[in-house]
Amino acid sequence: MAVKSKAKTVYVCTQCGCESPKWQGRCPDCGSWNTFTEETRTSGGPAAKAAAAERRAAPAKVKPLAEVSADESVRYHTGMKELDRVLGGGIVPGAAILVCGDPGIGKSTILLQMCRTIDPGLRVLYVSGEESLRQVKLRANRLEVDGKNVLLTSTTDAEEIYETILAEKPDVVVVDSIQTVSLSAITSSAGSVTQVRECTQLLLNACKGNEIPLFIVGHVNKDGGIAGPKVLEHMVDTVLYFEGDRNLSYRILRAIKNRFGSTNEIGVFEMSGGGLSEVENPSEMLLTGRPMGVSGTCITCLMEGTRPILVEVQALIAKTSFGNPRRVPTGFDYNRTALLIAVLEKRGGYFMGNLDVFLNVAGGMRIDDPGADLAVALSMVSNLLDKPIDSGLLALGEVGLAGEVRSASLVHQRVGEAYRLGFTTFVLPKSNLRTLDQSRYPGAAFHGVSSISQAFRCLGLGR
Ligand SMILES: Nc1ncnc2c1ncn2[C@@H]1O[C@H](COP(=O)(O)OP(=O)(O)OP(=O)(O)O)[C@@H](O)[C@H]1O
Ligand SMILES: [Mg+2]
Ligand SMILES: [Zn+2]
């Protein structure tokens, strides 16, 4: 008996998944503009109803909380230390992990490569909705994945993937990518909000119950957000962002959300023809080839999760050729740049009202850490006066509006990392210096400063 299904049109916010019967310019839920897209919904289709009835039949399994095993040691190791670190020490069985990133950044590469490095006893089901089996095989050859433990399938049908997972019971599932997968019961096109949400839910149903970890590849849109609803981020346990300048060879994997580990942890990789290789010492890599004896550069140390990373801040101050002076920071916040320039003018007496200021964090790193303020200020003044800063010097500290240098967090780790790499002069906030055990760094000189003018004076940049 054919039941006629009714098609209705709904409008769905691509940002948050909010639904409305009519189009709206501004989403009432998340407030974003022009995000509503039209979707057709067939409600009450016979297949959907039957499936729902079937699923409702089985009661949920219950278990006393005390008897639920939560053995921390049961984590699968991916064989890539950097990936394990970002995941919080390995893959938790049953976890859903979303891997997002720009096109061509290496999402498929890292997941296929994981098939090679993961414990060969673990069977991986690799579902490619984007590429044919041949294409995946070609990449696998390039990455030297022999693939004895890898089951490959090329499909975009979510129900087919669901059944495959239940039938094969693999140890790990990779779905590349969620935007290509669709459910036939939903009429809107693959990649739409409803499709992405429902397909993810279906895959989660298959994996969670069987304690199978699920990797989902997600595309990002022009603004860098995940293409599809924000709800996708809520549905999964871990969200990893793969980023990096496509023109540079290295890539950074960042945990944005992690239910099984700390966020802010990063993994650093280098991309080459043979795939991604791990970079265990990002500081060394970021500092290679830095200019020596040139004014306008200063080294500081960022904390990325638990890991200290040394970066070089570069400043170039040039005469404005147009009416308005330009402030062009790359890898550093624009407003923070303007603030530091204002503090330098007001509290340091360095006027840049008719000067263009260019800032760059070498190697394409991004600074969010306020502890880098002092280094940024020093590099600007160094360039302004054309006086180089000693190449063995590390500056740390947050700069306040009164020109004061405030304490930075985790100074022990940061100084330790720099000392290990041969840095011997440290300009630190006075408050941090009090708690630092200087005897651990023989041969190093420490300067405690409480204001930017003090810092300039101690570097010979004073007026
Ligand atoms: N033959 C090759 N030699 C060297 N590097 C290559 C080669 N082929 C691909 N790459 C690198 O791999 C990258 C593509 O990686 P990958 O396909 O894993 O990206 P992706 O994030 O999955 O992209 P998409 O979103 O398009 O699926 C390229 O940008 C390039 O840097
Ligand atoms: Mg891909
Ligand atoms: Zn919204």
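The written sequence of each chain sets the order in which its residues are numbered from 1. Following the order in which they are written, the chains are lettered starting with A and the ligands numbered starting with 1. Only residues with pLDDT of 70 or above have their local features reported here, since the model is predicted, and side-chain atom pairs are shown and tallied only from 80 upward, although totals for entire chains, interfaces and linings are computed over all residues. By convention in this description, side-chain values take in all heavy atoms of the structure and omit both hydrogens and water.

**Quick look at helix α4 (residues 133-142)**
For the exposure calls, accessible area comes from a 1.4 Å probe over protein chains only, and a residue counts as buried if that area is under 20% of its type's maximum, exposed if over 50%, partly exposed in between. For the purposes of this entry, the term helix denotes a DSSP run of H or I that reaches at least four residues, the term strand denotes a run of E that reaches at least two, and both are numbered from the N terminus. Of the positions making up α4, those classed as buried are V136, R139 and A140. The arc that holds every buried residue of α4, seen down its axis, measures 105 degrees, which confines them to one face. What makes two residues a contact is simply this: any of their non-hydrogen atoms within 4.5 Å. Where α4 is buried, its residues meet α3 (107-117), β5 (124-128) and β6 (150-153). Phi for E144, located one or two positions after α4, is positive at around 60 degrees. Arc definition: it is the arc formed by the directions from the helix axis to the C-beta atoms.

**Description of the site of ligand 1**
If even one non-hydrogen atom of a residue comes within 4 Å of a molecule or strand, that residue is called near it. Taken together, 15 residues lie near ligand 1, and G104, K107, S108, T109 and R139 sit nearest. Within 3.5 Å is the distance limit for a polar contact, defined as a pair of N or O atoms, with the added protein rule that one can donate a hydrogen and the other accept it, and that residues adjacent in sequence qualify only through two side-chain atoms. Contact between ligand 1 and G106: an oxygen atom at 3.0 Å from a main-chain N or O atom of the residue. E130 places a polar side-chain atom, nitrogen or oxygen, 3.2 Å from an oxygen atom of ligand 1. Examining the composition of the shell around ligand 1, we find that 3 residues originate from one element, α3, more than from any other. Its residues placed into classes, the shell around ligand 1 shows 3 nonpolar, 6 polar and 6 charged. Only Asp, Glu, Lys and Arg are considered charged, only Ala, Val, Leu, Ile, Met, Phe, Trp, Tyr, Cys and Pro nonpolar, and every remaining residue, Gly among them, polar.

**Some remarks on the domain arrangement of the protein chain**
We note that the domain assignment places domain 1 (8-44), domain 2 (72-280) and domain 3 (285-458) within the protein chain. In this document the domain limits rely on a domain assignment from an automatic tool or a database. A separation of 46 Å is found between the C-alpha centroids of domain 1 and domain 3.

**Observations concerning α3**
For α3, the tally of buried residues reaches 9 of 11 residues, placing the bulk of the element in the interior. Within the span of α3, buried status applies to K107, S108, T109, I110, L111, L112, Q113, M114 and C115.

**A look at the pattern of salt bridges**
Salt bridges are defined by distance alone: a side-chain nitrogen of Lys or Arg within 4 Å of a carboxyl oxygen of Asp or Glu. Across all of its chains, the model carries 18 salt bridges by this definition. K208 is paired through a salt bridge with D237; the nearest N and O atoms lie 2.6 Å apart. Here K208 is found in helix α6 (residues 193-209), whereas its partner D237 is found in the loop between α7 (231-235) and β9 (238-243), with 29 residues between them in sequence. Taking the relative accessible area as the measure of exposure, K208 reaches 36% and is therefore partly exposed. Note that D369 and R414 form a salt bridge whose closest N and O atoms lie 2.9 Å from each other. Placement of D369 in the loop between β16 (355-361) and α10 (373-385) and of R414 in helix α11 (residues 411-420) is noted, with a sequence separation of 45 residues between them. Under the relative-accessibility criterion, R414 is labelled buried at 0%.

**Observations regarding unusual backbone geometry**
Glycine aside, a negative phi is what most residues show, and trans is what most peptide bonds show. In this model, D176 is joined to S177 through a cis peptide bond whose omega is -5 degrees. Mapped onto the secondary structure, S177 falls in the loop between β7 (172-176) and α6. Positive phi is not limited to glycine here, since K169 has a value of about 45 degrees. By the secondary structure assignment, K169 is in the loop between α5 (158-168) and β7. Classification of K169 as partly exposed rests on a relative accessible area of 45%.

**A short note on the sheet that holds strand β8 (residues 214-219)**
Whether two strands pair depends on DSSP finding at least two bridges between them. One open sheet holds the 9 strands; their spatial order is β6-β5-β7-β8-β4-β9-β10-β11-β12, and the pairing between them is mixed. A single partner strand is all that each edge strand has here, and the edge strands are β6 and β12 (275-278). Averaged over all adjacent pairs, the angle separating strand axes in this sheet is 25 degrees, with direction ignored. As paired elements, strand β10 (residues 250-258) and strand β11 (residues 266-272) share 5 bridges and run antiparallel to each other. If you follow R254 over to β11, its bridge partner there is I266. To get an axis, a line is fitted to the C-alpha atoms, and for a helix only the part in contact is used. The angle between two axes follows their N-to-C directions and goes from 0 to 180 degrees. In the packing of α6 onto the sheet, contacts are made with β4 (96-101), β7 and β8, and the angle to β8 comes to roughly 165 degrees.

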